[in-house]
Amino acid sequence: MSRTLFDKIWDAHTVRSVEGLDVVYIDRHLIHEVTSPQAFDELAARNLPLFRPSQILATADHNVPTLHQDQPIREPLSRLQVEKLTENCEKYGIELYGLGHARQGIVHVIGPELGLTQPGMTIVCGDSHTSTHGAFGAVAFGIGTSQVAQVMASQCLLLSRPQRMRISVEGELRPGVTAKDLILYVIAQLGTGGATGHFVEYAGSAVRSLSMEGRMTICNMSIEMGARGGLIAPDATTFAYVEGRPFAPKGAAWHDAVAYWETLYSDADATFETEYTYQAADITPMITYGTNPGMGIPLTGHVPSEVPANEAESFDKSLKYMGFERGESLLGKQIDYVFIGSCTNSRIEDLRAVAAYVQGKQKAGHVEAIIVPGSKQVEQQAIAEGIDKIFAAAGFELREPGCSACLAMNEDKIPAGAYCVATSNRNFEGRQGPGSRTLLASPLVAAITAVQGRIVDITQYLN
Amino acid sequence: MEKFQTLRTTGRPLPLENIDTDQIIPARFLKATTREGFGENLFCDWRYNADGSPKPEFVLNDPRYTGSVLVAGKNFGCGSSREHAAWALYDAGFRAVISSYFADIFRGNALNTGLLPLQVSDEVLARLLAAIEADPQLELAVDLPSQTLAVPAWSETFSFAIDGYKKECLINGYDDIDFLVNQKSAIEAFEKQRAWTW
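Residues numbered from 1 in each chain as written. Chains lettered and ligands numbered in written order. Predicted model: local features only at pLDDT ≥ 70, side-chain atom pairs only at ≥ 80, totals over all residues. Heavy atoms only, no water.

Q: Now, about the overall build of chain B: what can you tell me, with residues and values included?
A: When helices and strands are tallied, chain B shows eight helices and seven strands. In terms of its C-alpha atoms, chain B occupies a principal-axis envelope of roughly 65 × 45 × 25 Å. Counting all 198 residues of chain B, 58% fall into the buried class. Counting contacts in chain B only where the partners sit at least 6 residues apart, residues at least 24 apart contribute 64% of the total. Only carbon and sulfur atoms are counted for the fraction: they give 49% of the accessible area of chain B, which is about 7,900 Å². (Helix = DSSP H or I, 4+ residues; strand = E, 2+ residues; numbered from the N terminus. Buried < 20%, exposed > 50% of the residue type's maximum accessible area, 1.4 Å probe, protein only. Contact = heavy atoms within 4.5 Å. Areas by Shrake-Rupley, 256 points an atom, 1.4 Å probe, with all protein chains shown as cover.)

Printed below as a string of structure tokens:
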């Protein structure tokens, strides 16, 4: 019987089915300081052992400072949460890449770079951007803390099978158009709840031609249109990325693994409940103007002037928060902050793209530009390549790794009323700090905006 | 988890679409290491001014509305997977949320918290929102065993869908964790038969 890629992986992990629900086995469980403490407490309260400690990896990323990581965390509640993670990992025998560790970083950056993320796996984490790992042809999705406890206790989850959606993007992306623009474009078409209830497979020649970093950016934002997750069939690009990484299979096991991974694709006549096809040539550099990621427009476009009557109240509240008007262009708007980071766009390729543009240039005087690498390894790679010096010369501040101003749990906050062009994934009200105004964009758009100090048509400024 | 069977209460209207979990409980309040106490910061930035004084126009500060059902716009709970959003609603006294569409992760988190996500049609939601705003005392009666929402003043009853297993869990106060731990032998057998050598 023909099956989708998603179904092949799901079926291979179904322990048994009960009353329309599947007991799904989880290969990798990633945990961090914010959504795990209550799960550990639940295990302790029920006097349950941790079922498979070797299948869990922990890191501290969500609320860690991005300055002076060699010193104790100053903020007492953040420090307590990180200490609690360390205690729990020691108590239960879980590998922890904590603050100061050479492998520390954002959970969705370190999984792939360590080779922990592999095709055909099921991967979960108490974080909605776990969908990132789907770039490798894995079924990866975010879970709540009760489910974190369930995986700790049983290495399984009780789930209903989602519906399948395929989104194909065909053709070649235009100059200056990146994976981030592609996914912002798709989310703008479908809306913030357009893929709810579905697991999305991204396909088409434009997707296949992307690097692993680009594919991760796309799968990362699947949740922003409501999808349970997103994935891309593994191919030679995937295998080349995984090979040789610390946790990748070695020797004969590598060949066995690749032979299996090569079977992971949707059969030609597999059925998807929903399908969309877009043309890469229709996509131009994107930016968001509102307070959810579906509110995106081309940089050269206009804020919509008409919306359905039943959406008007939410829409106008959003524009009021952002300080924008219906029908206006964003070109020329002055920007106060530029944030380059987050699990969406903080990998070495993202930093290289920024460096390639800003080399020999200077950020605008009124703009504060910070770059937060996704991991210690990304930071070290940037230093090894001399990218850090390019950033410093251009007036961009390179910080230490963490989630940082994507969700502003640490000190990295955008002040109320200020505009920030961010490479992260959410522009919700207050996401980057109370009253902050976020405009989501690609690293290239962010870099050009930082130099120009205002929103511009970046195609006029490409190197 | 507390049992949920029936609920007779009034509703609190929040007619905005796409309410994300960052609004329900902003990230800066996620530093707690226990499940309790999130209710006081529920909808913090909509509910309070920067100086901590309440914003009188926000529904939770409006003394006319006192019920334990939140009636909210379409696509409620989108965004982050933080279960703290469901905990905050529960901690603030809510036992059900009525909307015409729920984000997947929020729906699951709510069910695991004992908070009922009750989905109605866009049309019923619009009627409910208008009626509650016109009469804050409008009574709502939720009956989980029969999967119905009744509005006695209208002499109307609406049925709602819920997964059969999750319904039993809510009615009896069971968690998935109990079920999964009891699957241990099947899970161990599954691990042994896997073909993976890496």
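Alright, that's what it looks like, and here's the rest.
Q: An account of the overall build of chain A is requested, with residue identities and associated values reported.
A: For chain A, the helix and strand inventory stands at 15 helices and 19 strands. Taking 23 Å as the expected radius of gyration for a compact globule of 463 residues, we find that chain A reaches 21 Å, a close match to that expectation. Per-residue burial over chain A gives 67% buried out of 463 residues. Of note, chain A has its 37 positive side-chain charges centred 2 Å away from the centre of its 51 negative side-chain charges. (Rg over C-alpha atoms; globule rule 2.2 N^0.38 Å. Lys, Arg positive; Asp, Glu negative; His and termini not counted. Charge placed at Lys NZ, Arg CZ, Asp CG, Glu CD.)

Q: Can you explain empty space enclosed by the protein? Please cite residues and give values.
A: All names here are of chain A. Per the stated rule, a full pass over the model turns up four cavities of 30 Å³ or more. Along the wall of the largest cavity there are 24 residues; nearest its centre are His-62, Asp-127, His-129, Leu-407 and Arg-431. The class makeup of the residues in the lining of the largest cavity is eight nonpolar, eleven polar and five charged. Here the lining of the largest cavity spans two domains, since at least three of its residues come from each of domain 1 (5–168 + 230–265) and domain 2 (285–460). (1 Å grid on protein atoms, 1.4 Å probe; cavity = no way out; pocket = protein on both sides within 12 Å on 5 of 7 lines; lining within 4 Å. Points joined across faces, edges and corners; volume = space filled by probe spheres on them. Nonpolar A, V, L, I, M, F, W, Y, C, P; charged D, E, K, R; others polar. Domains from an automatic or database assignment.)

Q: I'd like to hear about the nonpolar core, residue by residue, with values.
A: Membership of the largest hydrophobic core comes to 110 residues, with the highest contact counts inside it found for Phe-43, Phe-76 and Leu-89 of chain B. It is helix α15 (residues 443–452) of chain A that provides the largest number of residues to this core, a total of seven residues. Taken together, domain 1 (5–168 + 230–265) and domain 2 (285–460) of chain A each give at least three residues to this core, which thus spans both. If we skip the residues at most four places from it in the chain, Leu-89 of chain B touches Ile-24, Leu-42, Phe-43, Leu-70, Phe-76, Phe-94, Val-97, Phe-106 and Leu-115 of chain B. By size, the runner-up hydrophobic cluster in this structure holds 78 residues, among which are Leu-184, Tyr-278 and Met-286 of chain A together with Ile-177 of chain B. (Core = buried A, V, L, I, M, F, W, Y, C linked by side-chain atoms within 4.5 Å.)

Q: Tell me what's going on with the side chain of Gln-38 of chain A, and back it up with residues and numbers.
A: Relative to the helices and strands, Gln-38 of chain A is located in helix α2 (residues 37–45). Judged by its relative accessible area of 2%, Gln-38 of chain A falls in the buried class. A polar contact is formed between the side chain of Gln-38 of chain A and the backbone oxygen of Thr-34 of chain B, at a distance of 2.9 Å. Every residue in contact with Gln-38 of chain A, bar those within four places of it in the chain, is listed here: Thr-145 of chain A together with Ala-32, Thr-33, Thr-34, Arg-35, Phe-38, His-84 and Trp-87 of chain B. (Polar contact = N/O pair within 3.5 Å; in protein donor to acceptor, adjacent residues only side chain to side chain.)

Q: Tell me about the domain arrangement of chain A, and please be specific about residues and values.
A: Residue and element names in this part refer to chain A. When the domains of chain A are assigned, the result is domain 1 (5–168 + 230–265) and domain 2 (285–460). Spacing between the C-alpha centres of domain 1 and domain 2 amounts to 27 Å. Listed as interface residues are 26 residues of domain 1 and, on the opposing side, 25 residues of domain 2. Taken over both partners, the interface formed by domain 1 and domain 2 buries close to 2,000 Å², and the fraction arising from carbon and sulfur atoms is 54%. Among the residues domain 1 hides against domain 2, the three largest losses belong to Thr-66, Ile-106 and His-129. Together they make up 31% of the total. Our count for the domain 1 to domain 2 interface comes out at zero salt bridges. There are 14 residue pairs in polar contact (both at pLDDT 80 or more) connecting domain 1 and domain 2. In terms of residue count, the dominant contributor to the side of domain 1 that touches domain 2 is helix α4 (residues 107–113) (four residues). Of the residues contributing to the side of domain 1 that touches domain 2, the split by class is nine nonpolar, 13 polar and four charged. (Buried area = accessible area lost by both parts, 1.4 Å probe. Salt bridge = Lys/Arg side-chain N within 4 Å of Asp/Glu carboxyl O.)

Q: Could you give an account of the packing of α2 of chain A against helix α3 (residues 76–92) of chain A, naming the residues involved and the relevant values?
A: Residue and element names in this part refer to chain A. Their axes nearest at 10 Å, the elements α2 and α3 cross at an angle of 40°. Taken together, the axis directions place α2 and α3 in an arrangement best described as oblique. Crossing of α2 over α3 shows left-handed handedness. Along its contact with α2, which presents Pro-37, Phe-40, Leu-43 and Ala-44, the element α3 presents Lys-84, Asn-88, Lys-91 and Tyr-92. Looking at the contact of α2 with α3 residue by residue, the class counts come to five nonpolar, one polar and two charged. (Axes fitted to C-alpha atoms, helices over the stretch in contact; angles between N-to-C directions. Parallel < 35°, antiparallel > 145°, perpendicular 65-115°, else oblique. Left-handed = near helix turned anticlockwise from the far one by under 90°.)

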